[in-house]
Amino acid sequence: MLLVPNWAPTYRFISIDPGTETLGVAMWVVDLESKRAMIENVFTLKASRSNTYVPATAMNYGDRYARLNAHYNSLCHIFHFFMPNNVVSESPYM
């Protein structure tokens, strides 16, 4: 069951289409009074091009681990900035 806060005018969530190299992200805001959903931002993250990708990590633990670590760090920054009420991931995607 989805718990909607009664103290906030909006409900914010992030939907993610996961991948080890490319990760799709959509940031949504729902106005709880009008019940209108708006996409605030949509973008794709490329792990190997991220500023949180560390080549030394890839050399020590493998490229897949380094890419997933880069996605983890990027998503932590996104969650901290956007402060979503919920996160939706691929299965089911939206």
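Because the structure is a prediction, the values reported are computed rather than measured. Throughout this description, residue numbers start from 1 for each chain and increase along the sequence as written. The model is predicted, so local features are restricted to residues of pLDDT at least 70 and side-chain atom pairs to those at 80 or more, both for listing and for counting; the totals for chains, interfaces and linings are taken over all residues. Only hydrogens and water are removed before side-chain values are computed, so all heavy atoms of the structure are retained for them.

1. Concerning helix 2 (residues 63–82)
Under the scheme used here, helices are H or I runs from DSSP no shorter than 4 residues and strands are E runs no shorter than 2 residues, and both carry numbers assigned from the N terminus. The span one expects for a helix is its residue count, reduced by one, times 1.5 Å. For helix 2, built from 20 residues, the straight-helix expectation of 28 Å at 1.5 Å per residue is met to within 8% by its first-to-last C-alpha distance of 28 Å. Exposure classes here rest on a 1.4 Å probe applied to the protein chains alone. A residue is buried below 20% of its type maximum, exposed above 50%, and partly exposed in between. Of all the positions in helix 2, only Ala 66, Arg 67, Ala 70, His 71, Ser 74, Leu 75, Ile 78 and Phe 82 are classed as buried. By definition, residues are in contact when any of their heavy atoms lie within 4.5 Å. Lining the buried residues of helix 2 we find strand 1 (10–17), strand 2 (22–31), strand 3 (36–46) and helix 1 (55–61). At the exit of helix 2 stands Met 83, carrying a positive phi of roughly 50 degrees.

2. Considering the sheet that holds strand 4 (residues 86–89)
For two strands to be treated as a pair, DSSP must find at least two bridges joining them. Spatially, the four strands line up as an open sheet ordered 3-2-1-4, and their pairing is mixed. Each edge of the open sheet carries a strand with a single partner, namely strand 3 and strand 4. Taken pair by pair, the neighbouring strands of this sheet meet at an average axis angle of 20 degrees, ignoring direction. Interaxial angles span 0 to 180 degrees and are taken between N-to-C directions of axes, which are lines fitted to C-alpha atoms, for helices over the stretch in contact. Each of strand 1, strand 2, strand 3 and strand 4 touches helix 2; the most contacted strand, strand 2, lies at about 10 degrees to it.

3. Here's the deal with unusual backbone geometry
Positioned with a positive phi, Lys 35 is a non-glycine residue whose angle comes to about 60 degrees. Take Lys 35: it is sitting in the loop between strand 2 and strand 3. For Lys 35, a relative accessible area of 64% gives the class exposed. Its identity is not glycine, yet Met 83 carries a phi of approximately 50 degrees, on the positive side.

4. Some details on the environment of Tyr 53
Here Tyr 53 lies in the loop between strand 3 and helix 1. Judged by its relative accessible area of 18%, Tyr 53 is buried. Here the alpha-carbon distance between Tyr 53 and Ala 66, two residues 13 residues apart in the chain, equals 6.3 Å. Excluding anything up to four places from it in sequence, Tyr 53 contacts Ala 47, Ser 48, Ala 58, Asp 63, Ala 66, Arg 67 and Ala 70.

5. Notes on the pattern of salt bridges
Salt bridge, as used here, is a side-chain nitrogen of Lys or Arg placed within 4 Å of a carboxyl oxygen of Asp or Glu. Evaluation of the coordinates by the stated rule reveals three salt bridges. Between Glu 21 and Arg 67 there is a salt bridge; the shortest N-O distance is 3.8 Å. Placement of the pair is Glu 21 in the loop between strand 1 and strand 2 and Arg 67 in helix 2, with a sequence separation of 46 residues. Looking at Glu 21, the relative accessible area reads 24%, which means it is partly exposed. Linking Asp 63 and Arg 67 is a salt bridge whose minimum nitrogen-to-oxygen distance equals 2.5 Å. With Asp 63 and Arg 67 both in helix 2 and four residues apart, this pair spans about one turn of that helix.

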